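Descriptive structure summary
Letter by letter, the chains look like this.
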Amino acid sequence: MTSCESTIECPNCKRAIHKDWFVAAGCEQVFCIDCRKIAKKENDQAKRKRREQQGLCSRLRCEKFKIENSRYCMEHFLADEDRRYRLPKGTIKALFDKQAGLCAYTKEPLIPGLTMSIDHILPSSRFPAKASDPANIQLVTRLVNAMKQSMTPQEFETKCRE
């Protein structure tokens, strides 16, 4: 058998694919690895878009409805916040439950993805060692977090009383 007989051509990019791989895959049409990656990415994006239009979480295997102004359900939104702030898994969810979904300062209900904001109790700009410390995180409204800026709780309370 010559080398030409042991390969087939990718129908997309015309790159040679080894015929053993073609048989093992058991597919009618086989694409090279690069074309398969592109096709999978496009397919996943289309699935996410359909799920979003149906009001479902963008995570492909999740069947929960997404929360308002977010692509994700509550569980995945809070998990993404953990990753974004480099916190241990489940930290934001536990904090949300502990605070009963209320702002630490105003006690207003927090809506994840809309009004909820993560505040560093001791500002990460002034206390960089505390930036990823779960004990240094609280949930507040976006407005409160914008007003607090880089103040400590004591400075913020003093400023509010003025």
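Residues numbered from 1 in each chain as written. Predicted model: local features only at pLDDT ≥ 70, side-chain atom pairs only at ≥ 80, totals over all residues. Heavy atoms only, no water.

**A few points about the state of the cysteines**
Here a disulfide denotes a covalent bond joining the sulfur atom of one cysteine to the sulfur atom of another. Applying the stated criterion to the full structure yields 0 disulfides. Residue Cys57 stays outside any disulfide, its sulfur separated by 3.8 Å from that of Cys73, the closest cysteine. The exposure class of Cys57 is buried, given its relative accessible area of 0%. (Disulfide = S-S within 2.5 Å. Buried < 20%, exposed > 50% of the residue type's maximum accessible area, 1.4 Å probe, protein only.)

**A look at the pattern of salt bridges**
Note on pairing: side chains with opposite charge can pair once their charged atoms come close. Throughout the structure, instances matching the rule amount to 11 salt bridges. Between Lys40 and Asp44 there is a salt bridge; the shortest N-O distance is 2.9 Å. One end of the pair is Lys40 and the other is Asp44, both in helix α2 (residues 33-53) and 4 residues apart, which spans about a single turn. On the basis of relative accessibility, which here comes to 14%, the residue Asp44 falls in the buried class. Note that Asp97 and Lys93 form a salt bridge whose closest N and O atoms lie 3.1 Å from each other. Separated by 4 residues within a single helix, Asp97 and Lys93 lie in helix α4 (residues 91-98), roughly one turn from each other. Three or more residues are tied together by salt bridges with common partners; here these are Arg59, Asp80 and Arg83. (Salt bridge = Lys/Arg side-chain N within 4 Å of Asp/Glu carboxyl O. Helix = DSSP H or I, 4+ residues; strand = E, 2+ residues; numbered from the N terminus.)

**Details of the packing of helix α3 (residues 74-84) against α4**
Across the interface, α3 lies against α4 with an axial gap of 7 Å and an inter-helix angle of 115 degrees. Judged by residue contacts, Met74, Leu78, Glu81 and Asp82 of α3 engage Thr91, Ile92, Lys93 and Phe96 from α4. Classifying every residue of the contact of α3 with α4 by side-chain character gives 4 nonpolar, 1 polar and 3 charged. (Axes fitted to C-alpha atoms, helices over the stretch in contact; angles between N-to-C directions. Contact = heavy atoms within 4.5 Å. Nonpolar A, V, L, I, M, F, W, Y, C, P; charged D, E, K, R; others polar.)

**Points about the nonpolar core**
Ranked by size, the top nonpolar core spans 21 residues in total, and within it Phe77, Ile92, Leu110, Met116, Ile137 and Leu139 carry the most contacts. For this core, the elements supplying multiple residues, two or more each, are α3, α4, β3 (116-120) and β4 (137-141). Formed by 5 residues, the second largest nonpolar core is a distinct cluster that contains Cys10, Ile17, Val30 and Cys32. (Core = buried A, V, L, I, M, F, W, Y, C linked by side-chain atoms within 4.5 Å.)

**Focus on the packing of aromatic side chains**
If you walk through the whole model with that rule in mind, you get 1 aromatic pair. An angle of 70 degrees between the planes, with centres 5.1 Å apart, marks the rings of Tyr105 and Phe156 as edge-to-face. Of this pair, Tyr105 sits in the loop between α4 and β3 while Phe156 sits in helix α6 (residues 153-161), placing them 51 residues apart in sequence. You can call Tyr105 partly exposed: its relative accessible area is 24%. Cation over ring: Arg59 sits above Tyr72, and NZ or CZ is 5.1 Å from the ring centre. (Phe/Tyr/Trp six-rings, centres within 6.5 Å; stacked < 30°, edge-to-face > 60°. Lys NZ or Arg CZ within 6 Å of the ring centre and 35° of its normal.)

**Here's the deal with the pairing of β4**
With respect to burial, β4 is a largely interior element, 5 of its 5 residues being buried. Burial along β4 is two-sided: Ile137, Leu139 and Thr141 facing one way and Gln138 and Val140 facing the other are all buried. Pairing geometry for β3 and β4, over 5 bridges, is antiparallel. Note that in β4 the partner of His120 across the bridge is Ile137. (Pairing = 2+ DSSP bridges.)

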